[in-house]
Amino acid sequence: MTLIQGYLFRQIARPVLGACAALAGIGILSQTLEQLEFVVERGASLGVMVTLTALALPQLLGVILPIGLFVGALIALTRLQREQELIAAFAGGMTRWAAIRPAALLAVIVAALTLVINVAVQPWAQREARDQAFAVRSDLAALLVEEGRFVKGPGGLTIYVQQIQQNGLLTNLFVHIDDGTNVSTWNAAEARFSRVAGEPYLLLGRGSWQRYSADGVLNFLSFDNHAFPLASFVGEAEAVQYKPSDLYLPQLFAPTPELLRTAGSAGQLRAEGHARLASPLYALTAMAMALTAILGGAFSRTGYGLRVAKAAAAFLGVRIMGYGLMAAGAWNDWVNALQYLLPLAAAAIALRLLFRALKPGRAGRAARAAALRVATS
């Protein structure tokens, strides 16, 4: 890469990074608002919310990177063309393809990064997020207690907690058990859910226990610490169920019977796998359309708003069609081939328009020849 090509690469890459960062920030904000459920309703810590938000980022990047590339490339190319830096490079002897090569290299880098994210990073992050979200939703504290309310559980169990702190500590706990034969109550100033030898327990601190015997005598016991077993009140936990976005490519193209039963049909999984492999191609489409929007026409001092709007509409339409092909591929296997052909065809058409616009037309050559004859006569 020559010095001027390195300059052009940096000038295009910086707005692309800025656009991707801005879009990622918006995506992170929306994910953070969704994860507030675990803090407000489930009593989870802020650390869990931050972790779940970070684990959702790879899937967002798979969608954001081609769009950020398109937006950033439009911004950079518009500035370079308006300030006539590209014209100066051409006047210095730089060929059209040499000027386009840095942008093409950036598109290839973004496509490769998107492929790595889709194939390896996204499924790992999605599985981790699914596991952590399942752990929060199936946590005993979330199932058996709710701050400020009496919650009735199985086996005649009723639990009241005055406050649930962010670190999981329960304050001013009341437990009432009526199994039809005996009635007993537990009070504790503080408590915490835990597991001992794999069994769920409620660890009580600074409390008391009361029960009436068969002859009507009240039995009372105070304690500093007590482990209250919960195994008889908690059913067997269900296993976490993964979605197609949580699976790796081998699982998508060769699913087990268990995955077919829980994650989706074989057609849906194959369509997801082909979409993972085809989506990086939209980075090439984005750059080709951005180049065509700015360099595919005459120089304009008033801006390129109309051409940019047409390119944006075309890219949006192609991307929406790609999602439609993914949905259709779940029911028709032959449609999956179109998931690859669509972005490649769109990129080829954009490049064809670009290079055709860069070539001088016959009318232009005739006009220049006539002007040359007049000048030499």
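Conventions we followed
- Residues numbered from 1 in each chain as written.
- Predicted model: local features only at pLDDT ≥ 70, side-chain atom pairs only at ≥ 80, totals over all residues.
- Heavy atoms only, no water.
- Pairing = 2+ DSSP bridges.
- Helix = DSSP H or I, 4+ residues; strand = E, 2+ residues; numbered from the N terminus.
- Buried < 20%, exposed > 50% of the residue type's maximum accessible area, 1.4 Å probe, protein only.
- Contact = heavy atoms within 4.5 Å.
- pLDDT = per-residue confidence, 0-100.
- Salt bridge = Lys/Arg side-chain N within 4 Å of Asp/Glu carboxyl O.

### Examining the pairing of strand 5 (residues 199-212)
- Pairing of strand 4 (residues 183-196) with strand 5 involves 12 bridges; the strand directions are antiparallel. Considered in strand 5, the bridge of Glu190 is made with Gly205.

### With respect to the environment of Thr51
- Mapped onto the secondary structure, Thr51 falls in helix 2 (residues 46-82).
- On the accessibility criterion, Thr51 (30% relative accessible area) is partly exposed.
- Here the alpha-carbon distance between Thr51 and Gln35, two residues 16 residues apart in the chain, equals 9.7 Å.

### Description of the side chain of Gln339
- Tracing the chain through its elements places Gln339 in helix 11 (residues 336-358).
- The exposure class of Gln339 is buried, given its relative accessible area of 4%.
- Beyond its immediate sequence surroundings of up to four residues, Gln339 is in contact with Ala271, His274, Ala275, Ala278, Tyr282, Leu325 and Met326.

### A look at the confidence of the model for the protein chain
- With 85% of its residues at a pLDDT of at least 70, the protein chain reaches an overall mean of 82.
- Under a pLDDT of 50 for its full length, residues 360-377 has, in the predicted model, 2 contacts with residues more than four places off or in other chains.

### Here's the deal with the pairing of strand 3 (residues 170-178)
- Alignment of strand 2 (residues 157-164) against strand 3, held across 7 bridges, turns out to be antiparallel. Within the sheet, the bridge partner assigned to Ile164 lies in strand 3 and is Leu170.
- Where strand 3 and strand 4 come together, 8 bridges link them in antiparallel fashion. Note that in strand 4 the partner of Leu173 across the bridge is Ala188.
- Joining the antiparallel neighbours strand 3 and strand 4 is a turn of 4 residues, in which Gly180 adopts a positive phi near 95°.

### Concerning the pattern of salt bridges
- Within the structure shown, the criterion is met by 7 salt bridges.
- Asp246 is the partner of Arg130 in a salt bridge, and the nearest nitrogen-oxygen pair spans 2.8 Å. Of this pair, Arg130 sits in helix 4 (residues 96-137) while Asp246 sits in the loop between strand 6 (218-229) and helix 6 (249-253), placing them 116 residues apart in sequence.
- When its relative accessible area of 0% is taken as the criterion, Asp246 is described as buried.

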